[in-house]
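Single-letter residue listing:
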Amino acid sequence: DAGVIQSPRHEVTEMGQEVTLRCKPISGHNSLFWYRQTMMRGLELLIYFNNNVPIDDSGMPEDRFSAKMPNASFSTLKIQPSEPRDSAVYFCASSLGHVNTFGSGTRLTVV
Amino acid sequence: AQSVTQLDSHVSVSEGTPVLLRCNYSSSYSPSLFWYVQHPNKGLQLLLKYTSAATLVKGINGFEAEFKKSETSFHLTKPSAHMSDAAEYFCVVSEGGSSNTGKLIFGQGTTLQVKP
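All values derive from a computational prediction rather than experimental measurement.

Now for the overall build of chain B. Regarding its fold elements, chain B presents 0 helices and 12 strands. Across chain B, helices and strands are ordered from the amino to the carboxyl terminus as β-β-β-β-β-β-β-β-β-β-β-β. Projecting the C-alpha coordinates of chain B onto the three principal axes gives extents of approximately 45 × 30 × 20 Å. Considering only residue pairs separated by 6 or more positions, chain B has 56% of its internal contacts joining residues 24 or more positions apart. Total accessible area on chain B is roughly 5,500 Å²; 51% of this is exposed by carbon and sulfur atoms. Measuring between centres, the 9 positive side-chain charges of chain B sit 3 Å from its 8 negative side-chain charges.

Below, the structure is given as structure tokens:
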């Protein structure tokens, strides 16, 4: 198994632009998680899906952030419009039960 | 509600000496506990997990952790540190019970420095 695949690995964008981060979970996993990691706030859970349905989005910072999971093998996290304070590493993870397997992350820089 | 507290934000050891990274948890019911490691500019890797089986859990790279319910602790240890162990370590508790969806609650992390 190739593990959790995230793309792009790095993204640099200008303030105000739309950013879309992508994630392919491990086949057979039924939960998917989006995390954000910054020096100031550590690892934060943004949203998670169970069987493609959003269960808890209380960690999504504001309306500029949205996430979708149209099928069991794909999810997106979109930021529109992006702001410099959104600069962070965004991780996707998937699980079947307890253990989360993480992707390598997307390092987002908004200038 | 579940939570984890990592008692040290930074630990420094010499190569070849023991490692101890401390973690306390709070949980309404029998928790599932994990340690993850993150090397610089990398994703998170599972070191070990406790899911109500043996209280002494062995993980990868010579790490182990002991679940102590009376102390609500899950400290991570390794007998002899290696330079490659330098990384960020996260103690994690899983939302468990009947609502087990794999949702994790992370500690703030402990940076392990290994000196030659």
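The structure having been displayed, the exposition proceeds.
With that out of the way, let us pick up the packing of aromatic side chains. Taken as a whole, this structure holds 14 aromatic pairs over all chains when the rule is applied. The interplanar angle of 20° and the centroid separation of 5.3 Å between the aromatic rings of A:Phe33 and A:Tyr48 together place this pair among those described as stacked. On the criterion of sequence distance, the pair formed by A:Phe33 in strand E4 (residues 31-38) and A:Tyr48 in strand E5 (residues 42-50) is long-range, its members being 15 residues apart. With respect to burial, A:Phe33 and A:Tyr48 carry one shared label: buried. Here B:Phe34 and B:Tyr36 contribute two aromatic rings whose centre-to-centre distance is 6.3 Å and whose plane-to-plane angle is 40°, an arrangement assigned as tilted. The pair formed by B:Phe34 and B:Tyr36 is uniform in burial state, with each residue classed as buried. Grouped by ring-pair contacts, the aromatic residues A:Phe33, A:Tyr35, A:Tyr48, A:Phe91, A:Phe102, B:Phe34, B:Tyr36, B:Phe90 and B:Phe106 constitute a single cluster.

All names here are of chain A. One ladder, built from 3 bridges, connects strand E1 (residues 5-7) with strand E3 (residues 19-24); its direction is antiparallel. Paired with Ile5 across the two strands is Lys24, which belongs to E3. As defined by bridge partners, E3 adjoins strand E8 (residues 74-79) across 5 bridges and the pair is classed as antiparallel. Pairing of Cys23 across the sheet is with Ser75, part of E8.

This next bit is on the environment of A:Glu62. Residues and elements named next belong to chain A. Secondary-structure assignment places Glu62 in the loop between strand E6 (53-56) and strand E7 (65-71). Assessed through its relative accessible area of 27%, Glu62 is described here as partly exposed. Linking Glu62 and Glu14, residues 48 residues apart in sequence, is a C-alpha distance of 19 Å. A polar side-chain atom of Glu62 sits 2.8 Å from a polar atom in the side chain of Arg64.

Let us look at the nonpolar core. Membership of the largest hydrophobic core comes to 26 residues, with the highest contact counts inside it found for B:Trp35, B:Leu48, B:Phe74, B:Leu76 and B:Tyr89. Excluding residues that lie within four positions of it along the chain, B:Tyr89 makes contacts with B:Gln6, B:Leu21, B:Trp35, B:Tyr36, B:Val37, B:Leu47, B:Phe63, B:Leu76, B:Gly109, B:Thr110 and B:Leu112. The next biggest cluster of nonpolar side chains, apart from the first, holds 21 residues, and it includes A:Cys23, A:Trp34, A:Ala67 and A:Met69.

Residues and elements named next belong to chain A. One open sheet accounts for 4 strands, arranged E1-E3-E8-E7; its pairing is antiparallel. With one partner strand each, in any of the chains shown, E1 and E7 form the two edges of the open sheet. Adjacent strand axes in the sheet meet at a mean angle of 15°, parallel and antiparallel pairs treated alike.

Trans is the prevailing form of peptide bonds, just as negative phi is the prevailing case for residues other than glycine. Of the consecutive residues A:Ser7 and A:Pro8, the connecting peptide bond is found in the cis state with omega at -10°. Looking at the element boundaries, A:Pro8 is found in the loop between E1 and strand E2 (10-13). In this structure, the amide linkage connecting A:Gln80 to the following residue, A:Pro81, adopts the cis form with an omega of -10°. Within the element layout of this structure, A:Pro81 appears in the loop between E8 and strand E9 (88-95). The backbone phi angle of A:Asn52 is positive, close to 70°, even though this residue is not glycine. Given a relative accessible area of 30%, A:Asn52 falls into the partly exposed group. With a phi close to 60°, B:Asn41 is a non-glycine residue in the positive phi region.

Attention shifts here to the confidence of the model for chain B. The pLDDT averaged across chain B works out to 90; a share of 93% of its residues lies at or above 70. Mean pLDDT values over the elements of chain B span from 86, in strand E11 (residues 104-106) of chain B, up to 98, in strand E3 (residues 19-21) of chain B.

Quick notes on the rules
Once a new chain begins, its residue numbering starts again from 1 and follows that chain's sequence as written. For naming, the first written chain is A and the first written ligand is 1, with later ones following in the order written. Confidence filtering applies because this is a predicted model: local features only for residues at pLDDT of at least 70, side-chain atom pairs given and counted only at 80 or more, and all residues used for totals across whole chains, interfaces and linings. Hydrogen atoms and water are omitted, and side-chain values are computed over all heavy atoms in the structure. Elements are defined by DSSP. Helices are runs of H or I of four residues or more, strands are runs of E of two residues or more, and each kind is numbered from the N terminus. Here a residue-residue contact requires only that any non-hydrogen atoms of the pair lie within 4.5 Å. Here the Shrake-Rupley method, with its probe set to 1.4 Å, supplies the accessible areas, and only the displayed protein chains count as covering residues. Charged residues are defined here as Lys and Arg on the positive side and Asp and Glu on the negative side; His and the ends of the chain fall outside this count. Charge positions come from single atoms, namely NZ of Lys, CZ of Arg, CG of Asp or CD of Glu. Stacked, tilted and edge-to-face are the three classes assigned to paired rings of Phe, Tyr and Trp, where Trp is represented by its six-membered ring and a pair needs centres within 6.5 Å; plane angles under 30 degrees give stacked, over 60 edge-to-face, the rest tilted. Buried residues are those whose accessible area, probed at 1.4 Å on protein chains only, stays under 20% of the maximum for their type, while exposed residues exceed 50% and partly exposed ones sit between those limits. By this definition, two strands are paired if DSSP reports at least two bridges between them. The definition of a polar contact used here is a pair of N or O atoms within 3.5 Å, where within protein one atom must be able to donate a hydrogen and the other to accept one, and adjacent residues in sequence count solely through side-chain atom pairs. Take the buried residues of types Ala, Val, Leu, Ile, Met, Phe, Trp, Tyr and Cys, join any two whose side-chain atoms come within 4.5 Å, and each joined set is a nonpolar core. Fitting a line to C-alpha atoms yields each axis, with helices limited to the stretch in contact; the angle taken between N-to-C directions then spans 0 to 180 degrees. On a scale of 0 to 100, pLDDT captures the predictor's confidence in every residue.

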